[in-house]
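One letter stands for each residue in the lines below.
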Amino acid sequence: MLSYLQRTRQGEPTDLPKQLSAISRLTVVESSGELPPLTQEIASLFPHLQAQKPLQVTSNPSLPSQPLRVGVLFSGGQAAGGHNVIAGLFDALNKINPESRLIGFLGGPSGLLESRSLELTENVIAPYRNQGGFDLLGSGRTKIEKPEQFLKAAEVVQALQLDGLVIVGGDDSNTNAALMAEFFLSKGVKTRVVGVPKTIDGDLQGHGIEISFGFDTACKTFSATIGSLLRDALSAKKYYYFVKLMGRSASHIAVECALQTHPNLTLVGEEVAAKKMTLAQVVESIADLIVKRSQQGKEYGVILVPEGLIEFAVDVKPLIGELNALLSKEKPHAAQLEACKSAQEKVNLIVPLLTTASQACFTALPLDTQVQLLLGRDPHGNVQVSKIESERMLIHMVEAVLKKQTQAGTYKGKFAPQPIFCGYEGRSCLPSCFDANYCYALGNIAALLIRAGKTGYICAIQGLAKPVEEWQCGAIPIVRLMGLETRMGKRVPVIEKTLVALDGPVFKAFAAQRQAWVLDDAYLDPGPIQFWGPRDLTQAITETLRES
Ligand code: FBP
């Protein structure tokens, strides 16, 4: 079942970069683009991939157009536009040779390991064109990173006689795509592995990746909500909205939404870390703003909280480190916590195991937050920040500070907070025109890479701030994005997450304006994503892209 809007969007063609207009006559060649040299350690881990250069799309009318057999899967959290990657891939393969076949693996990487797949034909794909979500195939967070998993994957792709495998994922999935590409080359498996940069978080960027897909739609969706909340705050004049924004550790989404909407305060995890602020100091800064606004007769406002904020506070960071170690698989504490009958029992079990400093930090937190910090870890053993209701935690802690100020006579206002979480709805909504176009073009590039026999590459487009027609299409060797990180006690190659650069143009643009938003209500309401109308509305890009 599709709504009227879904049906209308489904039938609309995407705008295409001029470069991709005659796909059957295109290929990729090495570009002159320079990337930083590889470290010796990374080069030795990827002997077959280490010498790769960036690629650019170019025309080659004499290239043979053999039919291709390609597999595709989604990995990790949803991001708007994923279905258009599949549509772009399918259409390009079909134009290269109508005998080509596209096979989708179901439920993410586990679908590959268990060989659960679906042939993707035009009839299957058509209802998903320009639609949100990943529901055509589903997704999952299984990591394909161990030799036995690579062997299993090799068996499956060989049984299906795949020329290529396209992995639509974030930093970890693309890291593992490169490891798989290296493994396949070392074993003589002919299947090429190609990545597509996906995540709403915006932390997969740099070295030729301008932005991952999904960031644009998520930020516009959240900004539409924030714009409405700002207007509501201004109308009722009685609420403080504490809006937690999804996005993992990095505060890219929070900064972008702030630039789109001008709320009174936006916390930035990276700045909290740089200023070595404790959680109590963060709370003080919020209370300060509320008191100042109250003195001007303003008992309302909007405060943006990136979901990873808590990890950056100088006193919470070591606490989280200690908790991660205690809750690791090797220790009995996770199982002991499971057996506890009440929240307080859980807390009582953990507190004595912490250092004195972390005990002080942990016990100062509201009980709900304490329990949320004890929830199961992600596959890397890290706390799952989306599960911590930091907006409620901050409200609780700010209330306590304001109460003291009321008793001391320094605050006479009325604090009525409302917690809001902007998250999952921004991942699976109808993709903005930007993401719809971007994803379709990325799917086209993936087909060209496989056709040219390229492996271990991530699709990339330069000039995304320009009109679509001018986008420059190509690919970056995934190994060029990698560094070494210690995970679970082992040095492993990973694509490092890009955090907000405090000396970068986007943060600077935000920092230059934010003071004016504290007391003056300079609120902006960007409204919902527009699909039709003036190009300035339909083709709007994020401030992050504009400023970079
Ligand atoms: P990816 O990194 O896989 O793109 O996922 C992004 C994200 O939406 C984060 O912003 C959020 O913290 C997390 O997924 C939530 O995960 P889950 O879907 O498992 O609740």
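Owing to the predicted nature of the structure, the values given are computational and were not obtained by experimental measurement.

So, on to the packing of aromatic side chains. Under the counting rule described, the total for this entry stands at 13 aromatic pairs. When the ring of Phe74 is compared with that of Phe134, the centres are 4.0 Å apart and the planes differ by 15°; the resulting orientation is stacked. Pair noted here: Phe74 is in strand 3 (residues 69–74) and Phe134 is in the loop between helix 5 (122–125) and helix 6 (147–159), with a separation of 60 residues, a long-range link. The buried category is assigned to Phe134, whose relative accessible area is 3%. On the numbers, 5.5 Å between centres and 45° between planes, the contact of Phe434 with Tyr438 is tilted. Here Phe434 and its partner Tyr438 are both found in helix 19 (residues 433–451), 4 residues apart, which amounts to about one turn of the helix. Taken together, the aromatic side chains of Phe150, Phe183 and Phe184 make up a single cluster linked through ring pairs. The residue whose ring lies beneath Arg293 is Tyr300, and the NZ or CZ to ring-centre distance is 5.0 Å.

This part takes up the site of the ligand. In the vicinity of the ligand, 14 residues are found, and the nearest of them are Gly77, Asp201, Glu307, Tyr424 and Arg427. Between an oxygen atom of the ligand and a side-chain N or O atom of Arg141, the distance comes to 2.9 Å. Between the ligand and the protein, one listed contact pairs an oxygen atom with a side-chain N or O atom of Asp201 at 2.6 Å. Burial of the ligand by the surrounding chains reaches 87%, relative to a free accessible area of 480 Å². Residues of the shell around the ligand, tallied by class, amount to 2 nonpolar, 5 polar and 7 charged. Built from parts of two domains, the shell around the ligand gets at least three residues from each of domain 1 (40–214 + 428–494) and domain 2 (233–270 + 300–305 + 389–426 + 500–548).

Here we take up the domain arrangement of the protein chain. Its domain assignment divides the protein chain into domain 1 (40–214 + 428–494), domain 2 (233–270 + 300–305 + 389–426 + 500–548) and domain 3 (309–387). For domain 2 versus domain 3, the separation of C-alpha centres amounts to 28 Å. At the junction of the two partners, domain 2 supplies 16 residues and domain 3 supplies 12 residues. Interface area for domain 2 against domain 3, summed over the two sides, is near 1,100 Å², with a carbon-plus-sulfur share of 65%. The largest contributions to the domain 2 side of the interface with domain 3 come from Ser249, Glu389 and Met393, which together make up 38% of the buried area. Remark: the boundary between domain 2 and domain 3 carries 3 residue pairs in polar contact (both at pLDDT 80 or more). Listing elements by their share of the side of domain 2 that touches domain 3, those giving two or more residues are helix 10 (269–274) and helix 18 (390–408). Among the elements that line the side of domain 2 that touches domain 3, the one with the most residues is helix 18, at 4 residues.

What counts, and where the lines are drawn
- Each chain carries its own residue numbering, running from 1 in the direction its sequence is written.
- Local features in this predicted model are restricted to residues whose pLDDT is 70 or higher, and side-chain atom pairs enter the listing and the counts only when it is 80 or higher, whereas totals over whole chains, interfaces and linings include all residues.
- To get the side-chain values, all heavy atoms of the structure are used, and hydrogens and water are removed first.
- Stacked, tilted and edge-to-face are the three classes assigned to paired rings of Phe, Tyr and Trp, where Trp is represented by its six-membered ring and a pair needs centres within 6.5 Å; plane angles under 30 degrees give stacked, over 60 edge-to-face, the rest tilted.
- Strands are runs of DSSP state E lasting at least two residues, helices are runs of H or I lasting at least four, and both sets are numbered from the N terminus onward.
- The classification of residues rests on relative accessible area computed with a 1.4 Å probe and restricted to protein chains. Under 20% of the type maximum is buried, over 50% is exposed, and intermediate values are partly exposed.
- Only lysine NZ and arginine CZ atoms are considered, and such an atom sits over a ring when it is within 6 Å of the ring centre and within 35 degrees of the ring normal.
- Proximity criterion: a residue is near a molecule or strand once any of its heavy atoms comes within 4 Å of it.
- The term polar contact refers here to a pair of N or O atoms within 3.5 Å; inside protein, the definition further demands a hydrogen-donor-capable atom paired with an acceptor-capable atom, and it admits residues adjacent in sequence only when both atoms are side-chain atoms.
- Values of accessible area rely on a 1.4 Å probe in the Shrake-Rupley scheme; residue burial ignores everything except the protein chains shown.
- Amino acids outside the nonpolar list (Ala, Val, Leu, Ile, Met, Phe, Trp, Tyr, Cys, Pro) and the charged list (Asp, Glu, Lys, Arg) are all regarded as polar, and Gly is one of them.
- Each domain's extent is set by a domain assignment, obtained either automatically or from a database.
- Note on contacts: a residue pair is in contact if any heavy atoms of the two residues lie within 4.5 Å.
- Note on terms: buried area is the combined drop in 1.4 Å-probe accessible area of two parts once they are placed together, counting the loss on both.

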